[in-house]
Amino acid sequence: MTSIRVQAHTLPNTMLVLTREVHSAPVATCWIWYRVGSRNEPSGLTGVSHWVEHMLFKGTPSIPAGTLDRTVARNGGVFNGFTWTDFTAYYETLPADRLELGLHIESDRMINSLFEPDETDSERTVILSELEGYANYPETWLDEAVKAAAFTVHPYHHPVIGYKSDLLAMTRDELYDYYQTYYMPNNAILVLIGDFDTNQVMKQVERYFADLPAGPALPSVRAVEPEPQGERRVVIRRPGPAQYVQMGYLVPDCRHADFAALAVLDATLSGAKPLSFSGGGAQTNRSARIYQALVETELASSASSSYMPTRDPFLFELHATVHDDRTADEVETALIGEIEKIQQDGVSADELAKISKQLRAQVAYSGESVTNQAFQLGMWEVLDSYARVDSLLDELAAVTTDDVRRAAQTYLTEQRRVVGHFIPTAD
Amino acid sequence: MTFVRSASTANNAAAGLAAATRHILPNGMTALVLRASSSPTVSVRGFLSVGAVYESTAQSGLASFTGAALIRGTQSRTFQQIVAETEERGCSVHAGGGLHTTGFGARALAEDLPLVLEILADMLLRPTFPLHEVEKLRNQFLMGLREDEQETRVQASRAIRSMLYPAQHPYGRLTSGTMATIQALSRDDLAAFHQQYHPSSAVLVIVGDVEPPVIVDEIERLFGDWKPSSVPPTLDWPPVAPLDGVQRQHIPMAGKVQSDIIWGVHGLKRSDPAYYAAMIGNVILGQLGIGGRLGENVRERQGMAYYVYSSLEADLEAGLWGAAAGVNPENVDQAITTILHEIEQFCQHGPTDEEIDDVRAYLTGSLALGLETNDGLAGALLTIEHYDLGLDYVMRYPEIIHAVSREAIVETARAYLSTERYAVAIAGPAEEE
C-alpha cells in the first residue's frame, strides 16, 4: 500500500487529529468521531444520540438545512453519519482536492447547528419512520428482547434508535443540551486519510478547528453490568416466516486481555469477518464450525457467531434461522454443542493458521479504501487507541489454542447466557 | 470552476482504466486485465449474458438457482473442497444468476489468484449439480422465499412488476422465483440451463497486483478449451401494453408496522438515445443528496419517511422507472400525493439550472471515488463491457453528461413519467376499514 504511518496531532483545545497520507488514488476522506452513543443515554432520553446525529444535517447559519447534501454532491463527494452504542461518526469522502469542504462542514456543525424547532419536529417523525421500518423485521424484535434481558444495569439494555415513547416526548432543548455537552472538540476525533500533504492539510485543520472552545467536562458512564446469576430466556411470539434463535454471552470489552482470544473463537465458529464498513471482503464462514454443524446438516438455513469490539462488556452472540422442519430448541442445542466441543477439545493449530491468513486477507481488502481505513482508525481510537489497528494482527496471531479453549470455558457459560427464540404465531 | 477541477481529477483515474489489456479468446470469451499495484489484492469479476430473462414463467428462478448451484460441485472438487480450499487462504469465489446476466467472481490476495481462477473455470465449465447439494440449496432458496413473502419491500416490488408487465414477460416477476417454481425445478433443469452458458457471451475482468501478459496466458489455459454446446440463446420479448389510467394494489401483511410504497411506470432501454437524459432526470428527481426532490419534500419538509428515492432500471428492454418510500400506514395517501406532485412539477417546469449544474458536477466529480479500489475498477470495466461502451468511456463520460440539455431532460421526463397513467403497490399493515 502506498501509505505512510498514522500521525497524531493534538490541537490546543485537546481535539485529536489523526492523519495518514495514501497516494494510490486521487481521493480523500474526512471523518469526525464523537465519544458518545446510546451507552451515554439516561433513562427517558433513549435515542437522543441518534436524533442529535440527524439534527447535524438540519442546518447551521452558514450551511442552511437542505444544502449540506447538495454541496457535498456538487463537489463529487459522498457522505453519511451514523450512531452506535459507543460512538457517533460522520464522514465525507471526496476527490482529494476537495477535502477542505469536509473540514468546513464538520467544524461548522460541531458548534453552529441550529436545532430549529420545526426542523426538530419534522425529524422526530423521520426517526419514528426509521424505527417502524426496523420493526417490520422479526429479527429486530428478537434482538431488542435479547439485549434488554442481557443488560439489567448498563445502557446497552436499550436500542440505539431509542424507545418510541421517549422519541415522542423528547424536547428540542433536551436535544440541544445533549449536543452542547458531547459535540465539543475535547470529545471529538478528526480522522483524515488520502491523497494530501500532511503539513498543508494540518494548516487547514488548524484554521477550522483550533479556535473552537474545548467544551465542558464530560459525564462518565457509571453503570457496570453485574455478573449474571443464571441463564435468562426470552420468547417473542409474533407473525413471522420462521423461527429464529439468538443467544448472547456477557463477555469482556476490547481492552481486556481476553479480547483477542474471544475474537479468534468467533472466527473458528464462523470465519474471520470482513473489517470493512461498506462490505467487499471475502466470505469465510462456510468451512467454519457453525455452518458445518448447522447449515450443512439442515438444522438451520443460516447460522453464525459475532463478537464486536466495544467500550464496555458486551455480548458474544450466536444467530440462526431455524430450518423449516426443525425447532428452535434443536438449533439452540446444536449451537451450545459447538461451544461445548471447544470447551472440551479446544481448537486445532490448522484452524488458527487458517484464521490468521483470513485476517491478513480481510485487512488487505478493506485497506484498499480510504473510507474503510478511516473507519477502523476512528473506531479503535474511540474504543481504546488508534494504535490497535496496527497491533491487532499481532495480538490475534499470538493467541494459542489453549487461550481459545480457556476463553470459551470462562465466558461462554450457562450462567452468562441469554437465550432468545422467535416463534411465529399463526396468521 | 468547480466542475473543471473535478473533471481533471476524474480523468487521471479514468486514464488508468483505459490502460486495461483487452484480450479475446478464440472461443469468443472476452478477458480484461488491469494492473493496479497499490494493494496486494486482486478482484475478479465477470458475467455471462444469460439470466432470468431467458427462463420461462413456469421455471421462474431457474437462472438464479443454476448460478448459485455452480459452487456446489465440479468435476474436480466438491462444495466442501471448494469452500475449504478458498477459505483456508482467506479468499472466496461466488456465482449467481441475475435478471440479464449470470455474474461470478472472486476476492483473493494476489498470491492466490491461480487457485481462484482454476476454481472459477471449473464452476463455469464443469459443474456437476450433485443431487444432494441441489436439494440443500433448494431448501435454502425456499426459506429465503418464505422470508421474502413476509417482507413488505419484496412484496411491493413483486406487485409493481406484475402490474407493469404481462405474466409471461421476464420483467413481470422477481429473479428469485416463487415457492412453487423452485419446488418444481429438477437437477436436470439446472444442468440444461447451464448448457446456455456460452464463451462468446462471457466477460472476465481481473484487477490487482498482477502481470497482465502472465494472466492472459493463464486465462487461455483455463478457458481456452471451453467449447459451446449450443448457440447463444435469443430472446423473444412479449409485447407490453402501455398503462391505462391508475392501478393501485394493496398487499395487507400481518405483524407489520410500516407500509412500503412503490410507484412505477415503464421506462426505457439502456441503448435508447434518451437514456442519459432519463438518468440525469432521475438523479434530480429522487437521488441527488438525500433523495433529490422527493427526499427534499417527503423526508426533509414533511418528515414522513426515513427513506424515499427514485430509481431507473434500463437494460435490454424498458424497465421500471419507479419511486419508493416507507411510511406510517396513516401517511400512505399523503406520500403518494406528494410523490405525484413532485413528478408533475418536474415534468411541467423541468430542472433548474442549479440542479443541472449540481448533477453534472456530482456525476463527473464522483467518478474518482468509484475508481479507488480494485473492486471499483473491475466493476467499471464490467459495466463498460456489458453495455459495449469502449475503454475510453470514463474519459468521455463528462462530455456525455454535458451534452445532455435541459430540454432533453424535460422532454424525456414528459415522455415517460406520468401522473395519470401509473401503477402503485403498497405492502404493509391491513388498511383501516
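Above: the structure in question.
**Student:** Explain the overall build of chain A here, please?
**Tutor:** Summing up its helical and strand segments, chain A has 15 helices and 11 strands in all. Its C-alpha radius of gyration of 22 Å places chain A within 12% of the 22 Å reference for a compact globule of 427 residues. Projected onto the principal axes, the alpha-carbon positions of chain A cover approximately 60 × 50 × 35 Å. Burial statistics for chain A: of 427 residues in total, 61% are counted as buried. Here the contacts in chain A between residues at least 6 apart in sequence split such that 81% fall between residues at least 24 apart. Carbon and sulfur atoms form 51% of the exposed surface of chain A, whose accessible area is close to 15,400 Å². Of the side-chain charges in chain A, 35 are positive and 58 negative, and the distance between the mean point of each set is 2 Å.

**Student:** Explain the sheet that holds strand S9 (residues 300-307) of chain A to me, please; I cannot follow it from the model alone.
**Tutor:** Picture the strands of a sheet paired through backbone hydrogen bonds; they go either parallel or antiparallel. All names here are of chain A. Strand order in the open sheet formed by 5 strands is S7-S11-S8-S10-S9, with mixed pairing between adjacent strands. Two strands lie at the open edges of the sheet, namely strand S7 (232-238) and S9, each paired on one side alone. For this sheet the average axis-to-axis angle between neighbouring strands, irrespective of direction, equals 15°.

**Student:** In this structure, what is going on with the pairing of strand S1 (residues 21-24) of chain B? I would like to understand it.
**Tutor:** Strand residues, when the strand is regular, have side chains that alternate between the two faces of the sheet. Residues and elements named next belong to chain B. With 4 bridges joining them, S1 and strand S2 (residues 30-35) adopt antiparallel strand pairing. Within the sheet, the bridge partner assigned to threonine 21 lies in S2 and is valine 33. Between S1 and S2, which pair antiparallel in sequence order, lie 5 residues; one of them, glycine 28, sits at a positive phi of approximately 100°.

**Student:** I keep staring at the interface of chain A and chain B and nothing clicks. Help me out?
**Tutor:** Size of an interface: often given as the accessible area lost when the parts come together. Opposite the 74 residues of chain A that make contact, chain B presents 72 residues. Buried area between chain A and chain B, both sides added, is near 5,900 Å², and the carbon and sulfur share of it is 50%. Contact with chain B buries surface across chain A, with Arg70(A), Asn136(A) and Glu368(A) losing the most and accounting together for 12% of the total. At the surface where chain A touches chain B, the tally comes to 11 salt bridges. Note that Lys357(A) and Asp112(B) form a salt bridge whose closest N and O atoms lie 2.7 Å from each other. Joining chain A to chain B, the criterion identifies 38 residue pairs in polar contact (both at pLDDT 80 or more).

**Student:** It is not clear to me how the environment of Gln243(A) should be interpreted in this structure. Could you clarify?
**Tutor:** All names here are of chain A. Relative to the elements of secondary structure, glutamine 243 occurs in the loop between S7 and strand S8 (244-251). Among the residues examined, glutamine 243 registers a relative accessible area of 22% and is labelled partly exposed. Here the alpha-carbon distance between glutamine 243 and alanine 261, two residues 18 residues apart in the chain, equals 31 Å. With residues up to four places along the chain from it excluded, the contact list for glutamine 243 reads Ala320, Thr321, Val322, Arg326, Thr327, Ala328, Phe422, Ile423 and Pro424. Within the structure, the side chain of glutamine 243 is placed 2.7 Å from the backbone nitrogen of alanine 328, a separation counted as a polar contact.

**Student:** Mind showing me how you'd approach the pattern of salt bridges here?
**Tutor:** When the charged atoms of two side chains with opposite charge come close together, those side chains can pair. Applying the stated criterion across every chain, the model contains 60 salt bridges over all chains. One salt bridge in this structure joins Glu123(A) and Lys58(A), with 3.4 Å as the shortest N-O distance. Here the residue Glu123(A) occupies a position in helix H4 (residues 117-135), and Lys58(A) occupies one in the loop between helix H1 (48-55) and helix H2 (68-74), the gap between them amounting to 65 residues. Taking the relative accessible area as the measure of exposure, Glu123(A) reaches 1% and is therefore buried. For Lys58(A), a relative accessible area of 3% translates into the label buried. Between Glu342(B) and Arg301(B) there is a salt bridge, and its shortest N-O distance comes to 3.8 Å. Residue Glu342(B) is found in helix H12 (residues 332-349), and its partner Arg301(B) is found in helix H11 (residues 288-301); the two are separated by 41 residues along the sequence. Judged by relative accessible area, Glu342(B) falls into the buried class, the value being 7%. For Arg301(B), a relative accessible area of 52% translates into the label exposed.

**Student:** Explain empty space enclosed by the protein to me, please; I cannot follow it from the model alone.
**Tutor:** Over the atoms, a rolled probe matching the size of one water molecule traces out where space is still vacant. For the structure shown, the criterion picks out 5 cavities of 30 Å³ or more. By volume, the largest cavity amounts to about 80 Å³. In this structure, the largest cavity is lined by 11 residues; those nearest its centre are Ser24(A), Glu368(A), Ser38(B), Ser39(B) and Glu372(B). Residue composition of the lining of the largest cavity, grouped by class: 2 nonpolar, 7 polar and 2 charged. By volume, the second largest cavity amounts to about 70 Å³. As for the second largest cavity, its lining consists of Phe57(A), Gly66(A), Thr67(A), Leu68(A), Asp69(A), Ile290(B), Gly295(B), Glu296(B) and Glu300(B). Of all the secondary-structure elements, those providing two or more residues to the lining of the second largest cavity are H2 of chain A together with H11 of chain B. With 4 residues, H11(B) is the single largest residue contributor to the lining of the second largest cavity. For the lining of the second largest cavity, the class distribution of residues is 3 nonpolar, 3 polar and 3 charged.

Each value, and the rule that gives it
- Residues numbered from 1 in each chain as written.
- Chains lettered and ligands numbered in written order.
- Predicted model: local features only at pLDDT ≥ 70, side-chain atom pairs only at ≥ 80, totals over all residues.
- Heavy atoms only, no water.
- Helix = DSSP H or I, 4+ residues; strand = E, 2+ residues; numbered from the N terminus.
- Rg over C-alpha atoms; globule rule 2.2 N^0.38 Å.
- Buried < 20%, exposed > 50% of the residue type's maximum accessible area, 1.4 Å probe, protein only.
- Contact = heavy atoms within 4.5 Å.
- Areas by Shrake-Rupley, 256 points an atom, 1.4 Å probe, with all protein chains shown as cover.
- Lys, Arg positive; Asp, Glu negative; His and termini not counted.
- Charge placed at Lys NZ, Arg CZ, Asp CG, Glu CD.
- Pairing = 2+ DSSP bridges.
- Axes fitted to C-alpha atoms, helices over the stretch in contact; angles between N-to-C directions.
- Buried area = accessible area lost by both parts, 1.4 Å probe.
- Salt bridge = Lys/Arg side-chain N within 4 Å of Asp/Glu carboxyl O.
- Polar contact = N/O pair within 3.5 Å; in protein donor to acceptor, adjacent residues only side chain to side chain.
- 1 Å grid on protein atoms, 1.4 Å probe; cavity = no way out; pocket = protein on both sides within 12 Å on 5 of 7 lines; lining within 4 Å.
- Points joined across faces, edges and corners; volume = space filled by probe spheres on them.
- Nonpolar A, V, L, I, M, F, W, Y, C, P; charged D, E, K, R; others polar.

By themselves, these figures tell us nothing about what the structure is for.
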